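Commentary on secondary and tertiary structure
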Amino acid sequence: MSALCSPDDAVAYLKAGKLVALPTETVYGLAADAADGGAVAAIYETKGRPRFNPLILHVLDVHQAQQYGQIEGLAQALMDAFWPGPLTLVVPLRDNAPVASLVTAGLETIALRSPAHPTARQILAAFGHPFVAPSANRSGRISPTEATHVLAEFRDQVPVVDGGPCPLGVESTIVGLLEDKVSLLRPGSVTPEDIKGVIGKPLLPPTEKIQAPGMMTSHYAPSNPLRLNAAAPEAEERLLGFGKMTSPPALNLSEGADLKEAAANLFTYLRRLDESPGPIAVAPIPDKGLGIAINDRLRRAAAPKPS
Ligand code: TXA
Ligand code: MG
């Protein structure tokens, strides 16, 4: 199988019940036809993903989303404000929604996202149905932001549509909407302040009734140890910098301390530092706006891995 493929090939693969990796504005996704149980099962198998961890349904627009989720007041307002774009909404699943049961991992809710990336949208439009797409990495590892990352991750097993580097670099914000309560399940480029601006009230933390099963403590994990909030590197450490640094960093997420630039570079630079052995130290990142999402990913990347 040739490793790279065109958007037209991607549509043919989806129709044939095969997996294909494709670019979105956040990270590369591993896509399959959401209605095809065999194709969805292959996603879990290829990623080594636990079956209790549900997938995000990628739709063209609100109209398509309505076939799958119960979309009311606040959900509608958030979709109008941020779609297409990096906001995923978890809403009650509609009865008889045409999705394989593995998509929701048996939950009574479904995660819906309408990606903004032109290639993802071109494929959605030509396919004519939604696809599910987790990040195209093996479970627990760093999300891919370039086609070469996906090729390395799956050793050429999965065809990839190359759309260049992903402009945002961290996965979508996930918000849960249940009984008029709005909770932040995963921080991302759409910030809590952005959401508050639309719903007129602050976001709640995840509750027992609604949380993202995939937000396990250890995630996005490099092979090397990672130390956070490091002012300067110690002995063997290579420093991942942010802003002006007193000791020269191995790589700098953003010399101008721009959070957008830092988010776009985050996973690529973590991967690059992880190519050679030795501990990694990361400079402090301000915990506001997009910095909340960056720090969330860094904390999970630094957390002890399950043995
Ligand atoms: O930016 C993104 O969202 C990327 C691109 C490819 O679109 N996708 C992505 O998918 O990050 P994934 O599978 O890596 O992360 C999906 C997260 C998981 O933490 C999962 O537990 C959560 O969404 N999720 C999915 N369905 C859910 C549901 N019904 N209720 C709560 N959480 C859900
Ligand atoms: Mg993921």
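This text goes with the structure placed above it.
Keep in mind that this is a model prediction, so the values were computed, not measured.

1. Regarding the site of ligand 1
Around ligand 1 sit 28 residues, and of these Thr26, Asn53, His58, Ser172 and Gly214 come closest. At 2.7 Å, a side-chain N or O of His58 approaches an oxygen atom of ligand 1. Here a nitrogen atom of ligand 1 and a side-chain polar atom of Thr109 are 3.0 Å apart. Isolated, ligand 1 exposes 690 Å² of accessible area, and the fraction of that covered by the protein chains is 98%.

2. Focus: the sheet that holds strand E13 (residues 251-252)
Backbone-to-backbone hydrogen bonds join strands into a sheet, with any given pair of strands oriented parallel or antiparallel. The strand order E11-E14-E12-E13 describes an open sheet built from four strands, whose pairing is parallel. Of all strands in the sheet, those with a lone pairing partner are strand E11 (226-227) and E13, marking the two edges. Pairing of E11 with strand E14 (residues 280-282), which is carried by two bridges, proceeds in the parallel orientation. Bridge pairing links Arg227 to Ala281 in E14.

3. Quick look at the pattern of salt bridges
Taken as a whole and judged by the stated rule, the model has eight salt bridges. Across the pair Arg138 and Glu153 runs a salt bridge, and its minimum N-O distance is 3.5 Å. Of this pair, Arg138 sits in the loop between strand E7 (131-132) and helix H6 (147-153) while Glu153 is found in helix H6, placing the two residues 15 residues apart along the sequence. Residue Arg138 is classed as partly exposed on the basis of its relative accessible area of 40%. Looking at Glu153, the relative accessible area reads 8%, which means it is buried. Between Arg227 and Glu234 there is a salt bridge, with its nearest N and O atoms 3.8 Å apart. For Arg227, a relative accessible area of 26% corresponds to the partly exposed category. The exposure class assigned to Glu234 is partly exposed, which follows from its relative accessible area of 48%. What you see here is one network of salt bridges that share partners, running through Glu171, Asp296, Arg297 and Arg300.

4. Remarks on unusual backbone geometry
Look at the link from Trp83 to Pro84: it is a cis peptide, with omega at -15°. Within the secondary structure, Pro84 sits in the loop between helix H4 (73-82) and strand E5 (87-92). We note that Asn96 has phi near 60°; this positive angle belongs to a residue other than glycine. Along the chain, the position of Asn96 falls in the loop between E5 and strand E6 (109-113). For Asn96, a relative accessible area of 77% translates into the label exposed. Positive phi outside glycine occurs at Ala257, with the angle close to 55°. One can find Ala257 in the loop between E13 and helix H8 (259-273). Classification of Ala257 by relative accessible area gives partly exposed; the value is 41%.

5. Examining the nonpolar core
Within the largest apolar cluster, 52 residues are counted, with the highest numbers of intra-cluster contacts made by Leu112 and Val175. Other than its neighbours up to four places away in sequence, Leu112 contacts Ile56, Leu57, Ala65, Tyr68, Gly69, Ile71, Met79, Trp83, Leu87, Thr88, Leu89 and Val91. Among the nonpolar cores identified, the runner-up in size contains 35 residues, and Leu226, Val282, Leu298 and Ala301 belong to it.

6. Quick word on the environment of Lys288
Inspection of the secondary structure assignment puts Lys288 in the loop between E14 and helix H9 (291-302). In this structure, the C-alpha to C-alpha distance between Lys288 and Asp33, residues 255 residues apart in sequence, is 37 Å.

The rules behind each value
- Numbers given to residues run from 1 along each chain, matching the order in which its sequence is written.
- The naming scheme follows written order: chains are lettered A onward, ligands numbered 1 onward.
- Per-residue local features are limited, in this predicted model, to residues with pLDDT of at least 70; the limit for side-chain atom pairs, both in listing and counting, is 80 or more; totals at the level of whole chains, interfaces and linings are taken over all residues.
- Think of the side-chain values as coming from all heavy atoms in the structure, minus any hydrogens and water.
- Residue proximity to a molecule or strand is established when one non-hydrogen atom of the residue lies within 4 Å of it.
- Counted as a polar contact is a pair of N or O atoms within 3.5 Å, where, for protein atoms, one must be capable of donating a hydrogen and the other of accepting one, and residues adjacent in sequence contribute only when both atoms are in side chains.
- To be clear on the numbers: accessible area is Shrake-Rupley with a 1.4 Å probe, and residue cover counts the displayed protein chains and nothing else.
- Two strands are said to pair when DSSP picks up at least two bridges between them.
- Secondary structure elements are defined from DSSP: runs of H or I of at least 4 residues count as helices, runs of E of at least 2 residues count as strands, and each element is numbered from the N terminus.
- Salt bridges are counted wherever a side-chain nitrogen of Lys or Arg sits within 4 Å of a carboxyl oxygen of Asp or Glu.
- Categorising residues by exposure relies on relative accessible area from a 1.4 Å probe, with only protein chains included: less than 20% of the type maximum marks a residue as buried, more than 50% marks it as exposed, and the intermediate range marks it as partly exposed.
- To define a nonpolar core, start from buried Ala, Val, Leu, Ile, Met, Phe, Trp, Tyr and Cys residues and group those joined through side-chain atoms within 4.5 Å.
- The contact definition used throughout considers only heavy atoms, calling two residues in contact when any of these lie within 4.5 Å.

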